[in-house]
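Spelled out from the first residue to the last, the chains are:
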Amino acid sequence: MNGCIFASIHLAESTWEFHAMQVKPAHQYKVLIFGASYGSLLATKLALAGHDATLVCLPNEVELINREGTRVRFPIKGREGLVEVDSRGLLGKISATTPNNVNLANYDLVVLAMQEPQYGATGVRELLHAVAEARLPTMSIMNMPPLTYLARIPGLSLADYRNCYTDPSVWDGFDPTMMTLCSPDAQAFRPPDQPINVLQVRLPTNFKAARFESEVHTQMLRQIAADIEAVRFDTGSEVIELPVKLKVFDSVFVPLAKWSMLLAGNYRCVGANGMRPIKEAIHDDLGLSKNIYNWARQLCLLLGASETDLVPFEKYANAALSLGSPSSAARALFAGAKNIERVDLLMQTIAAKQGMQSEAVNQIVNLVNQQLEKNRALPVVA
């Protein structure tokens, strides 16, 4: 096969060995990704498809990734164990750097994969400002949409929602035509007993991106998506696909399908006295979960989404059965975080402007607020 290489892929918790059948893409894109944790999942998919990805991260992460690469572990339907993909054997290159060492002239696309509060950090803020100034096409895979993206949703005024963001000023330089949003439906985590260059996929669903306003930039996303789709693995006896694809949609509302899931599941992991797994948050009171989920869906429909943009509750509830850990938002809160992504507050605020309210949603927001107040009252440890 022309332009094809074979990379050894080892299975965690198994002895099988896979070989990646990778075909060099017609055009190799270079992608800058803010964040090395969740960002390494998309980086791996890009590198499998022959594109280069650079992860912007902390110095200790930079040193480890550049020395040993990244490892992403995928569950494969119908198979035991996990497929572990080592970035060092891929057609595309994954590297890492600190914010102050980035040359934006080298990149075709920027991806935002950090948590929203992190963009105000010294170094990250300045790089983000430079991305906006350079007018590089930027795709967010955060749960919290960048403030700039809200300008692409008809009828929303950015000034009404600034209080939902940790530091709204970091988004002020962006042109909405250069920003898109991708719903990060795939769920992954860093195993606590593993090095920080290891990521394990828990729920292997897809990234669902809205198109850019520009046809040229949208075509770049579609080409990357097609290249990811084309990747196959030869096991020696059969050829398989790896899960987690990139899907590109014309509707700006498709990425908002995640809002219902976050509100009914992720934020309801937060209790007055502790946290619980997403599975319990959904299935302990399925009727209440469905009501909250459908309230969020109704908000999206009121904003202009169509039914086909969104995900039915039953499909999400079934997926939630595999989510046996608390959400990242809940874990951060009960680890003492003073700021987290506030999609719950954003939805409550948007809904109020639309004349919608829900006592159940108010309770969710209040519980998060209360835990944040407790955390912010704690003394700062030097």
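Keep in mind that what you see is a predicted model, and the values were worked out from it rather than measured. (Residues numbered from 1 in each chain as written. Predicted model: local features only at pLDDT ≥ 70, side-chain atom pairs only at ≥ 80, totals over all residues. Heavy atoms only, no water.)

Caption draft 1: Seen up close, the pairing of strand β4 (residues 52-56). Of all five residues in β4, five are buried; the element is thus mostly enclosed. Both β4 and strand β7 (residues 94-97) contribute to a ladder of four bridges, which runs parallel. Pairing of A53 across the sheet is with I94, part of β7. (Buried < 20%, exposed > 50% of the residue type's maximum accessible area, 1.4 Å probe, protein only. Helix = DSSP H or I, 4+ residues; strand = E, 2+ residues; numbered from the N terminus. Pairing = 2+ DSSP bridges.)

Caption draft 2: Focus on the nonpolar core. Formed by 81 residues in total, the largest nonpolar core has its most connected members in F34, Y119, W171, W259 and L346. Once you skip the residues sitting within four places of it in the chain, W259 turns out to touch N143, P145, A296, C300, L303, V343, L346, M347 and I350. Counting 47 residues, the second largest nonpolar core, distinct from the first, contains L55, C57, I65 and V72. (Core = buried A, V, L, I, M, F, W, Y, C linked by side-chain atoms within 4.5 Å. Contact = heavy atoms within 4.5 Å.)

Caption draft 3: Examining the pattern of salt bridges more closely. Tallied over the full model, the rule gives 25 salt bridges. Between R67 and E68 there is a salt bridge, and its shortest N-O distance comes to 2.9 Å. Between R276 and D284 there is a salt bridge; the shortest N-O distance is 3.7 Å. Each member of the salt-bridge network shares a partner with another, and the members are R71, R73, E84, D86 and R88. (Salt bridge = Lys/Arg side-chain N within 4 Å of Asp/Glu carboxyl O.)

Caption draft 4: The packing of aromatic side chains, seen in detail. What the rule picks out here adds up to six aromatic pairs. Cluster of aromatic residues (ring-pair linked, three or more members): F34, Y119, W171 and F174. (Phe/Tyr/Trp six-rings, centres within 6.5 Å; stacked < 30°, edge-to-face > 60°.)

Caption draft 5: Quick look at the confidence of the model for the protein chain. Averaged over every residue, the pLDDT of the protein chain is 92; the share at 70 or more is 92%. Below pLDDT 50 for its whole length, residues 1-19 participates in 62 contacts with residues either more than four positions away or in separate chains. (pLDDT = per-residue confidence, 0-100.)

Caption draft 6: Structural view of the sheet that holds strand β16 (residues 246-249). The sheet built from eight strands is open, its strands ordered β7-β4-β3-β8-β9-β10-β13-β16 with mixed pairing. What marks the edges here is a single partner per strand, and that holds for β7 and β16. On average, each strand axis in the sheet is tilted by 25° relative to the strand beside it, whichever way the strands run. Here strand β8 (residues 109-112) pairs with strand β9 (residues 138-140) via three bridges, running parallel. Counted as the bridge partner of V110 is T138 from β9. Along the sheet, helix α3 (residues 124-134) makes contact with β3 (30-34), β4, β8 and β9, crossing β3 at roughly 140°. (Axes fitted to C-alpha atoms, helices over the stretch in contact; angles between N-to-C directions.)

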